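Okay, here's what each chain looks like letter by letter:
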Amino acid sequence: MYKEAGFEIVSAGHMFNPLFLPRLKSILYCCDMIMANDAGSYIGQAAYLNKPCYLYHQKLDVDETENKEDVQEYLIRNTDNFYKKLFQTFNTPQDYISKEQRDMINYGWGNDLVMDKEGLKKVIGEIEEIWIN
C-alpha cells in the first residue's frame, strides 16, 4: 500500500547488527524528512542531520494473548509523558524542525550538547589526567 502511494520504504536492519548505525545514518542523510508510527532514537539522529520528522500515532489493537512482554512495553510506552509529548510535538508533516521540536530533541537526546572532536579530546585528556594522578 505504501509503495503504491509513492513512499520509499527502507530499513537499517536489526539494531544489534554492528552496521545498523552506519546504515541508519546513510538512510537519514539521503532523506528529506522521515515519517514513523513509533518513537525511537532515530528522531534525535535525524534532527542532528536537520531532517524533520513526522510521527503518526497509530492506535494498535493489542491482543493480550500475544507476547506478554511486547504488550506490556506497548502499554507502558503509551502512558509515558515524554512519549505522549513526542507524538503531540511531531504530529504535523512539515519541511522544517520547529523550536518546540528542537527543544524536545535537546531534552530527550541532548543534541545541543554534542561536542566536536577537539572538545571531546579535551574532555578525554582531562579524564586521563585525573586517572593518572
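Residues numbered from 1 in each chain as written. Predicted model: local features only at pLDDT ≥ 70, side-chain atom pairs only at ≥ 80, totals over all residues. Heavy atoms only, no water.

Chemist: Pulling in residues and values, what's your account of the confidence of the model for the protein chain?
Modeler: Per-residue confidence for the protein chain averages 90 on the pLDDT scale, and 98% of its residues sit at or above 70. No element of the protein chain has a lower mean pLDDT than helix α3 (residues 68-77), at 78, and none a higher one than helix α5 (residues 99-109), at 96. (pLDDT = per-residue confidence, 0-100. Helix = DSSP H or I, 4+ residues; strand = E, 2+ residues; numbered from the N terminus.)

Chemist: Kindly report on unusual backbone geometry, identifying the contributing residues and their values.
Modeler: With phi around 65°, Asn50 is a residue other than glycine that occupies positive phi space. By the element assignment, Asn50 lies in the loop between α2 (42-48) and β2 (53-55).

Chemist: So what's going on with the packing of helix α4 (residues 81-89) against α5? Which residues, and what values?
Modeler: Running from amino to carboxyl end, α4 crosses α5 at an angle of 155°, the nearest separation of the two axes being 10 Å. Taken together, the axis directions place α4 and α5 in an arrangement best described as roughly antiparallel. Judged by the twist between their axes, the crossing of α4 over α5 is left-handed. Where α4 abuts α5, its residues Phe82, Lys85, Leu86 and Thr89 lie against Glu100, Gln101, Met104, Tyr107, Gly108 and Trp109. Looking at side-chain class alone, the contact of α4 with α5 contains five nonpolar, three polar and two charged residues. (Axes fitted to C-alpha atoms, helices over the stretch in contact; angles between N-to-C directions. Parallel < 35°, antiparallel > 145°, perpendicular 65-115°, else oblique. Left-handed = near helix turned anticlockwise from the far one by under 90°. Contact = heavy atoms within 4.5 Å. Nonpolar A, V, L, I, M, F, W, Y, C, P; charged D, E, K, R; others polar.)

Chemist: Give me the side chain of Thr89: which residues, what numbers.
Modeler: Within the secondary structure, Thr89 is located in helix α4. On the basis of relative accessibility, which here comes to 8%, the residue Thr89 falls in the buried class. Once residues lying within four places of it in the same chain are set aside, the contact partners of Thr89 are Glu100, Gln101 and Met104. (Buried < 20%, exposed > 50% of the residue type's maximum accessible area, 1.4 Å probe, protein only.)

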